[in-house]
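Residue strings, one per chain:
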Amino acid sequence: MEISHARVLIVDDNEENLQVLGDILAMRDYNVTLATSGRQAFELIDTSAPFDLILLDIQMPIMSGYDVCEQLKRNPLTREIPVIFISAHNEVEDIVRGFEVGGVDYITKPLQIREVLARVENHLVLARQRQALVEKNALIEALRQRDQETFDMLNAMKDQFIYAATHDLKNPLFIITAYLNLLRDLPQVKDHPDGRRYLDGIQDGVTKMQRLITAILDLAQIQTGANIRMTEVDLYALLEAVTQRFRVLAEQAHIDLLFDSLGQAPYRLLADANRLEQLFDNLISNAIKYTPPNGQVHVVLERLPETLLVEVRDSGFGIPEEALPHLFTAFYRVRTPRHGPINGTGLGLAIVKSLVDLHGGQIEVSSIVDQGTTFRVMLPAL
Ligand code: ADP
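Rules used throughout
Residues numbered from 1 in each chain as written. Predicted model: local features only at pLDDT ≥ 70, side-chain atom pairs only at ≥ 80, totals over all residues. Heavy atoms only, no water. Salt bridge = Lys/Arg side-chain N within 4 Å of Asp/Glu carboxyl O. Helix = DSSP H or I, 4+ residues; strand = E, 2+ residues; numbered from the N terminus. Buried < 20%, exposed > 50% of the residue type's maximum accessible area, 1.4 Å probe, protein only. 1 Å grid on protein atoms, 1.4 Å probe; cavity = no way out; pocket = protein on both sides within 12 Å on 5 of 7 lines; lining within 4 Å. Points joined across faces, edges and corners; volume = space filled by probe spheres on them. Nonpolar A, V, L, I, M, F, W, Y, C, P; charged D, E, K, R; others polar. Domains from an automatic or database assignment. Pairing = 2+ DSSP bridges. Axes fitted to C-alpha atoms, helices over the stretch in contact; angles between N-to-C directions. Contact = heavy atoms within 4.5 Å. Parallel < 35°, antiparallel > 145°, perpendicular 65-115°, else oblique. Left-handed = near helix turned anticlockwise from the far one by under 90°.

**Thoughts on the pattern of salt bridges**
Okay, step 1: Counting across every chain of the model gives 20 salt bridges.
Okay, step 2: The partner of D52 in a salt bridge is R128, and the shortest N-O contact between them spans 3.4 Å. One end of the pair, D52, is in the loop between helix 2 (38–47) and strand 3 (53–57); the other, R128, is in helix 5 (residues 113–184), and 76 residues separate them in sequence.
Okay, step 3: With a relative accessible area of 22%, D52 lands in the partly exposed category.
Okay, step 4: We note a salt bridge from D204 to K208, for which the minimum N-O separation is 3.9 Å. With D204 and K208 both in helix 7 (residues 195–224), this residue pair falls four residues apart, about one helical turn.
Okay, step 5: Taking the relative accessible area as the measure of exposure, D204 reaches 44% and is therefore partly exposed.
Okay, step 6: Residue classification places K208 among the partly exposed residues on the basis of a relative accessible area of 40%.
Okay, step 7: Members of the salt-bridge network, linked through shared partners, are E311, R313, E364 and R376.

Below is the structure:
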């Protein structure tokens, strides 16, 4: 590492000492500057190119070496310059104080030439290495940022492509459905022993595809924040209506569906009412879907000082711990023998997460396999 010609400032009120130290350092081709006081040191620092290292006498009148060092460390422009204290005696107190105010090392008088040169060289090398590290880190950060920008751009292109392709699938599906309906009335199909079963198979596939297309387009729309209408919404009334709507489905699945509230009303927030319904629709329908008969789904609304908290708790299959971090990723589905056979798109929770983001909220999930799952949605209250 190239350290000759490094710029070293020596500050000492004793001119003789100053001269001796200057001569010692000049032996190594350092570019040496001398100052006889703290004030002169700061003048030199302000006017000349930055120093690579400062040798600082502790005992000086007006401004002591400690004062000078403290001031250097307060200024972001001089903070990184290593300071080596020159101590009159090998006093522990002096040395400890020197480290406390930001010095990196010390030398004691009478000066030992080889020691002085070794310490100065060490700290110059260290400072250069530190500088190289800072530059490398800055480079890494710049590259990381560039990668992130490229990634974001490609991701946006991918989303656009999926959106366009999905959108274009709608029309062929309408055509398939139209011909399907024509086929249903065709005598050769109607009268064929397997005709109806074949048509139902096609219809089933078409329905699943329509559901997937609707969910993909919906997710894209939510993520762009388009067509959102924020109004004042009463979350208690909204959740009561949503749970009421699911009552029949829950009864058919032999699941006890309960809704409760804690804390004091009002339960008001600023939201898009339809989107908020969709959010809780998804969470409650999942809770019912992934809970076996005779289980329970409990929706609890709580008013906290600044937040409305909704917990959707179920006594269902639960989710393995390793799956939890992926739950809100689009198309992710848990693959256990109990979850596997249940139909779904893997988009419900991605939509839920986007809806929570849209409303400036947060969502958490905790789960114990075979005991149940709790989703906690926190939304800013009015
Ligand atoms: P899906 O359409 O498959 O239900 P979601 O995005 O809504 O997609 O959910 C992702 C996956 O998370 C589901 O496939 C399911 O395995 C799991 N999951 C979601 N909610 C629950 C729940 N309440 N209990 C157990 N597993 C759940």
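That shown, we press on.
**A short note on the layout of surface pockets**
Okay, step 1: By volume, the largest pocket is sized at about 830 Å³.
Okay, step 2: For the lining of the largest pocket, the secondary structure elements donating two or more residues are helix 7, helix 9 (273–289), helix 10 (348–358) and strand 12 (372–380).
Okay, step 3: No other element matches helix 9, which puts seven residues into the lining of the largest pocket.
Okay, step 4: Broken down by class, the residue content of the lining of the largest pocket amounts to 15 nonpolar, 13 polar and six charged.
Okay, step 5: Of the domains in this structure, domain 2 (147–224) and domain 3 (231–380) are the two that each give at least three residues to the lining of the largest pocket.

**Quick look at the sheet that holds strand 7 (residues 256–262)**
Okay, step 1: The mixed open sheet is built from five strands, whose spatial order is 7-9-10-12-11. Edge positions in the open sheet fall to strand 7 and strand 11 (362–368), since each of these has one partner strand only. Direction aside, neighbouring strands of the sheet carry axes that sit 15 degrees apart on average.
Okay, step 2: Its contacts with the sheet put helix 9 on strand 7, strand 9 (296–303), strand 10 (307–314) and strand 12, and the angle it makes with strand 12 is roughly 170 degrees.
Okay, step 3: Strands in contact with helix 10 are strand 11 and strand 12; relative to strand 11, the strand with the most contacts, it is inclined by about 140 degrees.

**Observations regarding the packing of helix 7 against helix 10**
Okay, step 1: Packing of helix 7 against helix 10 leaves a shortest axis separation of 9 Å and a crossing angle of 20 degrees. Relative to helix 10, the element helix 7 lies roughly parallel. Remark: the crossing between helix 7 and helix 10 carries left-handed chirality. Each of A215, D218, L219, I222 and Q223 in helix 7 lies in contact with helix 10, whose residues at this interface are A350, I351, S354, L355 and L358.
Okay, step 2: Each residue belonging to the contact of helix 7 with helix 10 can be placed in one class, and the counts come to seven nonpolar, two polar and one charged.

Geometric descriptors of this kind do not, in isolation, establish any biological role.
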